[in-house]
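Here are the chains, one letter per residue:
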Amino acid sequence: MRKVLLFLLVALSYQIDAQIDIINARSMSIGSTVTIQGIVTNGDELGPIRYIQDATGAIPAYSPGNFSNEVNLGDIVKVTGVLKDFNTLLEIDPVSSYEVVSTGNPLPAPMVVTPNQIVENIEGVLVKINNATIDGAGGNFSATTYTITSNGQSINIYMRANHPLVGQEIPLASVNITGIVSQFNGVYQILPRGPQDIEIADNFFFSSPPVQSNIEKNGFTVSWETNEMSSSILNFGTDPNNLDQQSIDPTMTTQHEITLNSLTPVLFIIWKLVLKEMETPLRLPLQFLPPNPILPEKSRFTSTGR
């Protein structure tokens, strides 16, 4: 009888601790105990949460203390814990045991996706969205959400307090953004891990946004910077749909400045820049900036990544 009981206890223990693929763990019910193994794709920049990915999928494990202190980017780790729904993000919390199997492993290549392809079965996976623009371009990142748009499709990215990108300039150029798929209150989002996750995609772009200065009764100055040398062209007029006047400085430079003068007082002048590189028109969306523009306020959410 004791042998039979011992066998049942061993079999039950093995069943609880048996390692399974992450895709199978994700299909189990909330409150189930699972054991998974995979590579860690983030570090402290996202807080005490570690996203773990294998060949079938990914899932985060949240455990402040020894786990987050000892488990690092590039580690292969074996984790046992309980499935939990944290504001619609499926995670392992609490972690009951873990083992760092190896360190310094190469990360999986990010899956190239569009915003509309961010769905539940790739939650937690390292992804890349190409040719995206970020709202608030020209300002600095803060701890909040930002909308990125690629091919007319949009999704949020999020940075927590003390994130490495906080305080960094938001590129004016189109970018390729790498990050981890997360979710907060039913809204999918991408979690970049640092400056290395935002790669400039354009060959020619504003390196400093247009600034209007020296505003007087009969004119004003517009200045801007580009990453490559080019001539300076400013279209202007009183009708935003028909900017029928133009000021050109053919000097090839990265530091641009055009002054408009002899303008008629009381007219509302609309202007926009025309960027050229080596006299070839830039084939990218241009910023449309009237004098003293009111820029849209970026949407704000709280988020996960803990």
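Up top is the structure.
Since we're looking at a predicted model, the values are computed, not measured. (Residues numbered from 1 in each chain as written. Predicted model: local features only at pLDDT ≥ 70, side-chain atom pairs only at ≥ 80, totals over all residues. Heavy atoms only, no water.)

Quick notes on the overall build of the protein
- In terms of helices and strands, the protein carries 3 helices and 18 strands.
- When each of the 306 residues of the protein is scored for burial, the buried share is 44%.
- Expressed as a percentage of contacts within the protein between residues at least 6 apart in sequence, the contacts between residues at least 24 apart total 63%.
- Split by element, the accessible area of the protein, about 15,700 Å² in all, is 52% carbon and sulfur. (Helix = DSSP H or I, 4+ residues; strand = E, 2+ residues; numbered from the N terminus. Buried < 20%, exposed > 50% of the residue type's maximum accessible area, 1.4 Å probe, protein only. Contact = heavy atoms within 4.5 Å. Areas by Shrake-Rupley, 256 points an atom, 1.4 Å probe, with all protein chains shown as cover.)

Quick look at the pairing of strand β10 (residues 175-184)
- With respect to burial, β10 is a largely interior element, 10 of its 10 residues being buried.
- Sheet topology places strand β7 (residues 126-134) next to β10; 5 bridges connect them, and they run antiparallel. What sits directly across from A132, in β10, is V175.
- One ladder, built from 3 bridges, connects β10 with strand β12 (residues 198-200); its direction is antiparallel. (Pairing = 2+ DSSP bridges.)

So, the nonpolar core
- Ranked by size, the top nonpolar core spans 22 residues in total, and within it I118, V127, I134, F141, I148 and I190 carry the most contacts.
- Within the residue set of this core, elements represented by two or more residues are β7, β8 (145-150), β9 (153-158) and β10.
- Tallying contributions element by element places β7 first for this core, with 4 residues.
- One finds V34, I52, I59 and L83 within the second-largest nonpolar core, a separate group that totals 16 residues. (Core = buried A, V, L, I, M, F, W, Y, C linked by side-chain atoms within 4.5 Å.)

What about the pairing of strand β11 (residues 187-191)?
- By the bridge criterion, 2 bridges tie β9 to β11 in an arrangement that is parallel. Bridge pairing in β11 places N156 opposite Q189.
- Taken together, the 5 bridges between β10 and β11 define a ladder with antiparallel strand orientation. Considered in β11, the bridge of Q183 is made with Y188.
- Here β10 folds back onto β11, and the loop between the two strands holds 2 residues, one of which, N185, carries a positive phi near 50°.

A closer look at the pattern of salt bridges
- For the coordinates displayed, the defined rule picks out 6 salt bridges.
- Between R50 and D44 there is a salt bridge whose closest N-O contact spans 2.6 Å.
- With a relative accessible area of 0%, R50 lands in the buried category.
- Notably, a salt bridge pairs D197 with R193, separated by 2.9 Å at the nearest N-O pair. For the pair formed by D197 and R193, the shared burial category is buried.
- Linked through salt bridges whose partners overlap, the residues forming this network are R26, E120 and E123. (Salt bridge = Lys/Arg side-chain N within 4 Å of Asp/Glu carboxyl O.)

A look at the packing of aromatic side chains
- Applying the stated criterion to the full structure yields 2 aromatic pairs.
- Ring centres of F67 and Y98 lie 5.2 Å apart, and the angle between their planes is 80°; this geometry places the pair in the edge-to-face category. Within this pair, whereas F67 is found in helix α3 (residues 66-70), its partner Y98 is found in strand β5 (residues 89-102), the two being separated by 31 residues in sequence.
- With a centroid separation of 5.3 Å and 90° between ring planes, the pair formed by F141 and Y146 is classed as edge-to-face. Side by side, F141 and Y146 carry an identical accessibility label, which is buried. (Phe/Tyr/Trp six-rings, centres within 6.5 Å; stacked < 30°, edge-to-face > 60°.)

Here we look at the side chain of D202
- The residue D202 is located in the loop between β12 and β13 (206-216) in this model.
- Of the polar contacts made by the side chain of D202, one reaches the backbone nitrogen of S174; its length is 2.7 Å. (Polar contact = N/O pair within 3.5 Å; in protein donor to acceptor, adjacent residues only side chain to side chain.)

Remarks on the environment of S207
- Mapped onto the secondary structure, S207 falls in strand β13.
- For the pair S207 and E225, spaced 18 residues apart in sequence, the C-alpha to C-alpha distance is 5.4 Å.
- Those residues within four positions of S207 in sequence are excluded, and the remaining contacts are E169, L172, E225, T226 and N227.

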